[in-house]
Amino acid sequence: MKRRSYIASVTIAYAVGALFWVYFSDRFVESVGGSIGFGVFSTLKGFVFVAVTTVLLYFALHTAAQGPAEARPVLAFRSWVLFALLALLTLPVGLISYAVFRSASDTLLGERRGQLEFMTEAVARSIDAEVARRMLDAMPQAPQKPQATLLAIVTDGSAGFSRLRAFASLMGDSARVLIASKNGSGDGRWMIAGRQQALPEALTPLANAAAAGLAADVITPPDDVPLLVVAAMVPAANAVLIATVATADVVDDVRGVAFLSAITAAACLVVAGALTLLFVQRQRLRVALAEADQKAALHAAEERFRATFEQAAEGIAHLDLDGRFLRVNETLCALLGYGRAELLGRSYADVRPNIRTGAGGGTSREAVSSLPSGTVVEARGDQPHLTRAGKEIWLSCVQSIARDMPEDEGYIILMASDATARIVAEHHLTLAEAVFTNTQEGLVVTDLAGRITAVNPAFVAITGHGEAEVLGQNMRFLSSGRHDQLFYQLLWAALKDNGVWRGEIWNRRKDGTLYLQQTVISTVYGRTGAPESYVGAFNDITQARKSELEVDRLTRYDPLTGLPNRSLTYSLVEHALTREGTRCAVLYVDIEHLKTINDSLGFAAGDVVLRVSAQRIRRTVPEDATIGRYGADEFVVVIDGSEGPKEAVSLAVRLIEALAEPFAVEGIADLFVNASIGISLYPEDASDAETLLQHAHSALYQAKSRGGRTYAFYTDALTRDARARVELVANLRRALAQHEFTVHYQPIVRLEDQTIVGAEALVRWVTPEGEMIGPDRFIPVAEETGLIVPLGDFVLATACTQMARWRTAGLPCAFVAVNISAGQLNATDICAKTEAALAAAGVPADSIEFEITESMLFGADSGAESKLKRIAELGVRIAIDDFGTGYSSLAYLKRFPISRLKIDQSFVRDLPASAVDGELVRAMIAMARALDIEILAEGVEEAAQMAFLVANGCTFGQGYFWSRPLPPERFEALFSNTFGAAGAKSASR
């Protein structure tokens, strides 16, 4: 065989054998349960081993073949020697493999032990909680023993027991999980739950140890099979949870690793020997090692820098000269609320908005260039920053320039720490100082002995003492002398017990004047909880107290007359009635015509009348009498009533005479007013103050109804009338809400031919009980209460609607007259309501006629006048009702657009017998004709009256002679009758 062929054949044979070894070693690793990672790693190392050893073998054989020709026969011997040397290497490789196996076994056993401990303890806690919960759910209905509950949990496999069993089975077929509890017989033996079998003696010590906490160990039972055992206590059931697994099952996985390690170690030995032969130049080896050491040191330095950078308590960042983050640590990320990836590459201006507004401390090139090179290398300051959530925080920042090389531009190192708490604390201190200096309350700080240590400007302003004068002085130097020793003893006792005292103290200013201060003294405690000083805060309330007294006087006394006001007068009357055996009389005095004086002469004149009236009343009544102003023009006098009504009558007469004397007001020398007085007696008329005053007020109305300037005593009839009036108002409101009102119509007749030309709409009230309430009862009440407005609106709308029906039916009714009250004319927009009612009914304006009284025209203002003119412009006719009974001022006949005059029935009633009434009626008819105004006579009841009116030229008539007011359906029937015959028949009656 040639030398080259031999070398090649030996090398190929070795390479093929080594490859087979790699293949079978991989299969072995798979067969013993090695992981895929180990298999891949083994394959790679095998390939490397084969390549290296094949090259080494080739060079060895080639070197051996370089000898002289006579030495070639020894080639085979040397080759076998080389293979023998390789075989001998397996011996130390075996030892190394065993060591590797033991180390891997211990490591794997420790790892599995930790896993089993963790799982066992977790399941034991879960079982313990489940036992406790089931026992608690069972109480008290069906008490259950812990062992029974535990057995149920083990049986159904709940509470993680099955998971522990599955976990243990992963470690090998020998894995077992059981629960043992103490024997109830008291012999201390552990019994396996669910079996009538005692716990093996080898496991008993570990079970006892588990009673004090988690226990684990490797034990060897009598069957010589070593076990890894973990035990955990289940306190609720007085039991232990035990998990066991054979150690052989645990370490089986590392057998293949051990074998692989042995082969790998052998390969490494061969490689190391070959490398030793190849690296013949020791100097290069030393240089290589030095370079490796340098790299290792550099790596270690980098690791130390990274640890320092990341674990620093302050936020650290590297920024380029454009202000963008290059590196940040977790502390800065936590401060700003960003993730590391979010900050990298972000501009520093995003978290420092004041950079955009030109504030200092930025990281732009201009800001960096402002740092002096080589001398001042850092800039410090507290700066506001924005977190990712938009919240502002303050960071204490230090910025410096760093350069890797002197010629580099470098980058910025930013170090930041949270200064928010410090800034807030400093702000609070500044604010507290500003409050102490600028508050309007006087503030003083003293030590525990009462010596002043600090005062604010308000203290100086209130007391008049300068700060330098009071420092070190005891607070006693401000004492006014108005408080006794007991006052200060109670003050210090409250400070000692409660730590605070509140109250009012009289003190003395520097100029000697006394002042009242509202004071709060608080104890300041130190960190140890012991008192350190006192702080007093006070206000000068001297003027405020005076103002309170003045306000109190104003709230209790009438500022105009100086008499007790309504509330105080009522209290005085109540107090007078509380005296045992008292008898008194209440005189309710009303000053009449005060409203007329205020309207005509002004409120100043009215005030003069009230003040003078109060003075005259005070002069007239006895000194022990109680006087009060109870209303705008009303006074109340309470006197002793032991002599009965006699004294009250005497005083009432004197008061009326005193108030009847002329008053002198500006512009009028003699101004006269009248006084009316109502009198009630206690206890004859009432038993309490409210009722007594109410009855006196009722008596006052009785006196005014008699014409005024007189007095009247209270009677039961007044109470009944007042109560009836109140009930009437309530019923009137209810009637409006429940539509109890209806409209009747009384015909208006042309006297010449006795034909119906129109009707007057008259409201009627029919209660649910069928009672008819006359207008004379409810109309005045409606006017007084303002209900006349909605009632008048109802009548107007109803009349318009009815007129529309009659027009549709073809009835010859030209118009409907509707009475308009003063309240409607003054308080509402009657023009708009009239237009709306006409439009809603669809009737022309001339089909409606408004009747207003003569007194309304006399009292009408410019607003009412304009309303009447606008109503006339709409086409609505206006008639004067009850003509001749008012103020008889004829000026309004040319001021207002009057279409008809209605002669009041008081002038028609006595016709034709009364010559006076006859002349008055003739005058009215003649005046109406002269003014081209239609004339109508009301209240015609007899044929003689009608004949007189016709003879004297009256155009229209209205009254019972023709018909009473009728409902619409009965009124319509009148058009089929001839009033000529009806009138003759009425005349005959």
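Use the structure listed above.
It should be emphasised that the depicted structure is a prediction, and the values quoted were computed from it without experimental measurement.

Moving on to a negative patch on the surface. A grouping of Glu623, Asp624, Asp640 and Glu643 is seen on the molecular surface, where their side chains present a negatively charged patch. Structurally, Glu623 is set in the loop between helix 21 (603-620) and strand 17 (626-629). Glu623 gets classed as exposed once you look at its relative accessible area, which sits at 85%.

Under the definition given, this model contains 30 salt bridges. Its salt-bridge partner being Arg451, residue Asp447 comes within 3.1 Å of it at the nearest N-O pair. The class of Arg451 is partly exposed, set by a relative accessible area of 42%. A salt bridge links Asp753 to Arg750, with the nearest nitrogen and oxygen atoms 3.0 Å apart. By relative accessible area, Asp753 is classed as partly exposed at 39%.

Now for helix 26 (residues 788-809). For helix 26, which comprises 22 residues, the first-to-last C-alpha distance of 31 Å matches the rise-based estimate of 32 Å (1.5 Å per residue) to within 8%. Among the residues making up helix 26, those that are buried are Ile788, Val789, Leu791, Gly792, Val795, Leu796, Ala799, Cys800, Gln802, Met803, Ala804 and Trp806. Just beyond helix 26, the residue with positive phi is Gly810, at close to 80°.

Once that is clear, we can look at a nonpolar patch on the surface. Taken together, the side chains of Ile12, Val16 and Phe20 present a nonpolar region at the surface, about 290 Å² in accessible area. Within the element layout of this structure, Phe20 appears in helix 1 (residues 3-31). For Phe20, a relative accessible area of 47% gives the class partly exposed.

It is worth spelling out the packing of aromatic side chains at this point. Applying the stated criterion across every chain, the model contains 15 aromatic pairs. Where Trp492 meets Tyr534, the ring centres are 5.5 Å apart and the plane angle is 65°; that geometry is what we call edge-to-face. One end of the pair, Trp492, is in helix 17 (residues 485-498); the other, Tyr534, is in strand 15 (residues 531-540), and 42 residues separate them in sequence. Considering the side-chain rings of Trp765 and Phe778, the 5.7 Å spacing of their centres and the 85° angle between planes classify their relative orientation as edge-to-face. Placement of the pair is Trp765 in strand 24 (residues 755-766) and Phe778 in helix 25 (residues 775-785), with a sequence separation of 13 residues. Each member of the pair, Trp765 as well as Phe778, is classed as buried.

Glancing now at unusual backbone geometry. Following Tyr682, the chain continues into Pro683 via a peptide bond in cis, with omega recorded as 10°. If you trace the backbone, Pro683 turns up in the loop between strand 21 (675-682) and helix 23 (689-705). Residue Pro912 follows Leu911 across a cis peptide bond; omega there is -5°. Along the polypeptide, Pro912 turns up in the loop between helix 32 (905-908) and helix 33 (915-930). Residues other than glycine seldom take positive phi values, yet His593 does so here, at roughly 65°. Tracing the backbone shows His593 in the loop between strand 16 (584-591) and helix 20 (594-601). Within the chain, Gln754 stands out as a residue other than glycine whose phi angle is a positive 60°. Looking at where Gln754 falls in the secondary structure, it is placed in the loop between strand 23 (741-750) and strand 24. Classification of Gln754 as buried rests on a relative accessible area of 12%.

How each quantity is defined
- Every chain is numbered on its own, with residues counted from 1 as its sequence reads.
- The predicted origin of the model limits local features to residues at a pLDDT of at least 70 and limits the giving and counting of side-chain atom pairs to 80 or more, whereas totals for whole chains, interfaces and linings rest on all residues.
- Excluding hydrogens and water, the side-chain figures rest on all heavy atoms present in the structure.
- The residues that make up patches have over 30% relative accessible area and no salt bridge, and they are joined within 9 Å when like-charged or within 5 Å when they are Val, Leu, Ile, Met, Phe, Trp or Tyr.
- Only the protein chains shown count as cover for residues, and the accessible areas themselves come from Shrake-Rupley with a 1.4 Å probe.
- A carboxyl oxygen of Asp or Glu within 4 Å of a side-chain nitrogen of Lys or Arg is what we treat as a salt bridge.
- His is not counted, nor are the chain ends; Lys and Arg add positive charge and Asp and Glu add negative charge.
- By convention, the charge on Lys lies at NZ, on Arg at CZ, on Asp at CG and on Glu at CD.
- Numbering goes from the N terminus for both helices and strands, where a helix is a DSSP run of H or I of at least four residues and a strand is a run of E of at least two.
- For the exposure calls, accessible area comes from a 1.4 Å probe over protein chains only, and a residue counts as buried if that area is under 20% of its type's maximum, exposed if over 50%, partly exposed in between.
- The span one expects for a helix is its residue count, reduced by one, times 1.5 Å.
- For Phe, Tyr and Trp, where Trp contributes only its six-membered ring, two rings pair if their centres lie within 6.5 Å, and the inter-plane angle classes them as stacked under 30 degrees, edge-to-face over 60, or tilted in between.

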